[in-house]
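Analysis of the macromolecular model
This is what each chain is made of:
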Amino acid sequence: MKSLRLLLCALPLALTGCSTLSSINWSAAYPWNWFGSSTEVTEQGVGKITAATALDQNAIQDALSSDYRLRSGMKTENGNIVRYYEALKGDKLALVINGDKGTVNRIAVMDEDIPTASGVKVGTPFSDLYKQAFGNCASVPSDDKVAVECKAEGSQHISYVFTGTWSGPEGLMPSDDTLKSWKVSKILWKQ
């Protein structure tokens, strides 16, 4: 009789808990994922996405963790139609994956949780990485702001896009004093 009372008390608790369990990421509970490496930007690519990854939704989804969902799109670039994939984390745009000739050739990382192998991530200030823009950076077009792209030190494939407040003319490089407060808004990997 005592165990029946205990069962009756625990049953509602167990049943209400089951309704919330559907939102849990169960793959994180697997022991082989406990100490696994997190996704990072390296010379080879972003996490498991490399230049050998097919520009295909299934191949990209397999290379990404289950934290991301993909959507595809097409745009024109230099007069050509280009196919791309956007990886969303929740409602936030985390990655934009481009390619040509059937494989990935460019990835833009906007997710703060994906650093480079050297520890640089979205939000890192310009002053933490560079003393001056000359020889390292160039002004680049951006959708909403003036942006500066700087090559990562010692890298052939990684660069950082910095954005910040600028009241000067578009296309002109801001001064080093202005850039000091700018932060990484994107990490770019290009083949």
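Values in this document were obtained by computation on a predicted structure and should not be read as measured data.

Quick look at the overall build of the protein chain now. Across its full length, the protein chain holds five helices and ten strands. For the protein chain, with 191 residues in total, the buried portion stands at 32%. For the protein chain, the proportion of contacts with a sequence separation of at least 24, taken over those separated by at least 6, is 48%. Summed over its atoms, the accessible surface of the protein chain is roughly 12,200 Å², and 54% of this surface lies on carbon and sulfur atoms.

Before going further, it helps to examine the sheet that holds strand E3 (residues 69-77). In spatial order, the strands read E3-E4-E5-E6-E10-E9-E8-E7; together these eight strands make up an open sheet with antiparallel pairing. Across the chains shown, the open sheet's two edge strands, defined by having one partner strand only, are E3 and strand E7 (137-140). Neighbour-to-neighbour, the strand axes of this sheet turn through a mean angle of 25°, independent of strand direction. Where strand E4 (residues 80-89) lies against strand E5 (residues 92-100), six bridges are found, and the strand directions are antiparallel. Opposite Tyr 85, over in E5, you have Ile 97 as the bridge partner.

On the secondary structure map, Ala 133 appears in the loop between helix H4 (126-129) and E7. According to the relative accessible area criterion, Ala 133 is buried, its value standing at 2%. For the pair Ala 133 and Pro 174, spaced 41 residues apart in the sequence, the C-alpha separation amounts to 8.8 Å. With residues up to four places along the chain from it excluded, the contact list for Ala 133 reads Phe 126, Met 173, Asp 176 and Leu 179.

Right, let's talk about the environment of Pro 174 for a bit. In this structure, Pro 174 sits in the loop between strand E9 (158-163) and helix H5 (176-179). Pro 174 gets classed as buried once you look at its relative accessible area, which sits at 3%. Taking the C-alpha atoms as reference points, Pro 174 and Gly 164, ten residues apart in sequence, are found 9.9 Å from one another. Residues contacting Pro 174, with those up to four places away along its chain left out, are Val 148, Trp 166, Leu 179 and Trp 182.

Before going further, it helps to spend a moment on unusual backbone geometry. For Lys 101, which is not glycine, the phi torsion reads 55° and is therefore positive. By secondary structure assignment, the location of Lys 101 is in the loop between E5 and strand E6 (103-109).

Turning our eyes to something else, we now look at the nonpolar core. The biggest cluster of nonpolar side chains holds 35 residues, and the ones touching the most others in it are Leu 95, Ile 97, Ile 107 and Tyr 160. For this core, the secondary-structure elements that each account for two or more residues are helix H3 (57-63), E4, E5, E6, strand E8 (147-151), E9 and strand E10 (183-190). In this structure, Ile 97 is in contact with Ile 49, Leu 55, Ile 60, Tyr 84, Tyr 85, Val 104, Arg 106 and Ile 107, ignoring residues within four places of it in sequence. Ranked by size, the runner-up nonpolar core spans seven residues in total, among them Tyr 84, Ala 108, Met 110 and Ala 147.

Within the protein chain, residue pLDDT values average 84, and 80% of them lie at 70 or more. Per-element mean pLDDT across the protein chain ranges from 45 in helix H2 (residues 31-34) up to 97 in E10. Every residue in residues 17-37 is under pLDDT 50, and counting partners more than four places away or in other chains gives eight contacts.

The two faces of the sheet receive side chains in turn, since in a regular strand these alternate between them. In terms of strand pairing, E6 meets E10 through four bridges, oriented antiparallel. Paired with Ala 108 across the bridge in E10 is Leu 188. Here E9 runs beside E10; their pairing, made up of six bridges, is antiparallel. Paired with Phe 162 across the strands is Val 184, a residue of E10.

Basis of the calculations
Residues numbered from 1 in each chain as written. Predicted model: local features only at pLDDT ≥ 70, side-chain atom pairs only at ≥ 80, totals over all residues. Heavy atoms only, no water. Helix = DSSP H or I, 4+ residues; strand = E, 2+ residues; numbered from the N terminus. Buried < 20%, exposed > 50% of the residue type's maximum accessible area, 1.4 Å probe, protein only. Contact = heavy atoms within 4.5 Å. Areas by Shrake-Rupley, 256 points an atom, 1.4 Å probe, with all protein chains shown as cover. Pairing = 2+ DSSP bridges. Axes fitted to C-alpha atoms, helices over the stretch in contact; angles between N-to-C directions. Core = buried A, V, L, I, M, F, W, Y, C linked by side-chain atoms within 4.5 Å. pLDDT = per-residue confidence, 0-100.

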